[in-house]
Each structure stands twice: as C-alpha cells, then as structure tokens.
Amino acid sequence: MICYNEKIKVNSEVCHPTLFDISDKIRKAIQNSGAKSGICVVYSHHTTCSIMIQELSHDKNYYGLEYLQQDICNVMEKLIPTCRSEGQYMHPGPKHIDFAMNEVGEVGEWTCLNTDAHLRSCIFGRSESIVIENGRPDLGEFGHVYMIDWDQVRERERMVQIQIIGE
C-alpha cells in the first residue's frame with residue numbers, strides 16, 4: 001500500500017480569477033509515488049479556490065484564459081457578481097474584519113471583500129478524486145485538472161495538496 005503526499009505552489013493574479021492547468025504536475029506526482037492503481041485526491045487548502053476537471057479548450061483570449069475558462073468566469077459573474085464594495089454581500093461583517101485585521105494581519109479591510117470567491121468555491125468544490133490506472137490519471141480523452149483561484153483582491157501564493165493512495 002502506497003500513501004504519498006505532494007504539494008504544488010501556484011501564484012494567483014489580481015483583478016480576475018486565475019486558472020492553472022495542473023494536469024502535468026499531477027501526472028508527475030503519480031509517477032513519483034510509484035502507484036500503478038489507486039486514487040489521487042487533489043485538494044485546495046483555500047476556501048476561495050476550487051479544483052475542477054474540465055476539457056482543455058486550446059484557444060485563449062488576450063488575457064491567457066482558455067475560451068472555456070472565460071465562459072465559466074462569465075457565467076459565474078452573472079450568478080455571483082464580483083464583490084466591488086463593502087455592503088454588497090452580508091459577509092464580511094465587522095467581527096470578521098476585526099479578526100482579519102488584528103489576528104491574521106491582513107493589509108487592509110478591502111482584502112476581506114472576497115465573498116464572491118467563497119460562494120463560487122462552494123459551487124465548484126475544493127477537491128477532485130481521480131482514478132489511477134496503469135500509473136496514470138484516468139481523465140478521459142480531453143480531461144485536464146485545473147486549480148481556480150476565484151479571489152481577485154490581490155496576488156497570492158496558493159497551495160494544492162495531492163494525496164495518492166494505491167499500489
């Protein structure tokens with residue numbers, strides 16, 4: 001029985017959701033684990049991020065987003081508009097802002113205006129489980145694994161956890 005863990009660091013951008021194709025890094029982690037069959041769990045530590053398996057769209061817009069990724073962002077903007085000002089959503093309240101400023105050390109109250117990112121993460125989820133077959137992730141013919149940072153208020157280093165259980 002193999003139980004293998006690996007972490008991936010990515011750096012998000014400001015002013016728009018950032019999407020990362022982490023498929024090759026997952027393939028490499030599976031190879032590093034030595035597992036030929038089993039399960040690979042890909043998990044985001046962050047409550048404003050999601051893990052998604054979706055088709056590679058190939059074409060990209062001028063900002064570097066694949067067309068399908070931009071379509072997803074457009075739909076999410078209609079469902080859950082980006083938080084542009086305090087009071088747009090109930091969250092964050094004064095207690096949360098006080099905690100963020102005094103306990104966590106946030107750089108300004110505006111960094112708490114990411115409610116849209118939390119809500120979007122709830123819809124997409126923060127993890128995916130992938131079957132490992134013959135030492136490779138079984139993603140289908142077109143599947144790729146993406147980490148999405150929905151939080152647009154500032155650039156950040158983000159962490160993706162990979163855990164492989166197999167043999």
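Everything numeric in this text was worked out from a predicted model, so none of it was measured.

**Observations regarding the overall build of the chain**
For the chain, the helix and strand inventory stands at four helices and eight strands. Starting at the N terminus and ending at the C terminus, the chain contains elements arranged as β-β-α-β-β-α-α-α-β-β-β-β. For the chain, the C-alpha atoms occupy an extent of roughly 50 × 40 × 20 Å along the three principal directions. Per-residue burial for the chain yields a buried fraction of 44% across its 167 residues. Of the roughly 9,500 Å² that the chain leaves accessible, carbon and sulfur atoms contribute 52%. Distance between charge centres in the chain, computed from 16 positive and 24 negative side chains, equals 3 Å.

**Topic: the pattern of salt bridges**
Should their charged atoms come close, side chains of opposite charge can pair. The final tally for this structure, using the stated rule, is seven salt bridges. When salt bridges that share partners are traced, they join D149, D151, R156 and R158 into one network.

**Looking at the packing of aromatic side chains**
Enumeration according to the criterion identifies one aromatic pair in this entry. Ring centres of F124 and W150 lie 5.4 Å apart, and the angle between their planes is 40°; this geometry places the pair in the tilted category. With F124 in helix α4 (residues 115–124) and W150 in the loop between β7 (143–149) and β8 (157–166), the pair connects residues that are 26 residues apart, well separated along the chain.

**Describing the nonpolar core**
Core analysis: the largest hydrophobic core is formed by 20 residues, its most contacted members being I22, I26, C40, V42, M147 and I164. The set of elements that each furnish at least two residues to this core consists of β1 (2–11), α1 (23–33), β3 (37–44), β4 (49–55), β5 (127–133), β7 and β8. Residue contacts for C40: discarding those within four places in its chain leaves I26, I30, E128, S129, I130, I132, I162, Q163 and I164. Core analysis: the next-biggest nonpolar cluster, separate from the first, contains 14 residues, M52, C73, C83 and Y89 among them.

**Topic: the pairing of β8**
Among the 10 residues in β8, seven count as buried, and that is most of the element. As paired strands, β1 and β8 are joined by 10 bridges and run antiparallel to one another. Among the inter-strand pairings, K9 is bridged to a residue of β8, identified as M159. For β3 and β8, the ladder comprises seven bridges, and the chain directions are antiparallel. Within the sheet, the bridge partner assigned to C40 lies in β8 and is I164.

**Looking at the sheet that holds β5**
In space, the five strands of this open sheet follow the order β1-β8-β3-β5-β6, with antiparallel pairing throughout. The outermost strands of the open sheet, each flanked by one partner alone, are β1 and β6 (136–137). Note: β5 against β6, two bridges, orientation antiparallel. Bridge assignment links E133 to a residue of β6, and that residue is R136. Helix-sheet contacts for α1 involve β1, β3, β5, β6 and β8, and the interaxial angle to β1 is about 150°.

Calculation notes
Residues numbered from 1 in each chain as written. Predicted model: local features only at pLDDT ≥ 70, side-chain atom pairs only at ≥ 80, totals over all residues. Heavy atoms only, no water. Helix = DSSP H or I, 4+ residues; strand = E, 2+ residues; numbered from the N terminus. Buried < 20%, exposed > 50% of the residue type's maximum accessible area, 1.4 Å probe, protein only. Areas by Shrake-Rupley, 256 points an atom, 1.4 Å probe, with all protein chains shown as cover. Lys, Arg positive; Asp, Glu negative; His and termini not counted. Charge placed at Lys NZ, Arg CZ, Asp CG, Glu CD. Salt bridge = Lys/Arg side-chain N within 4 Å of Asp/Glu carboxyl O. Phe/Tyr/Trp six-rings, centres within 6.5 Å; stacked < 30°, edge-to-face > 60°. Core = buried A, V, L, I, M, F, W, Y, C linked by side-chain atoms within 4.5 Å. Contact = heavy atoms within 4.5 Å. Pairing = 2+ DSSP bridges. Axes fitted to C-alpha atoms, helices over the stretch in contact; angles between N-to-C directions.

Function cannot be inferred from these measures alone, as they are strictly geometric.
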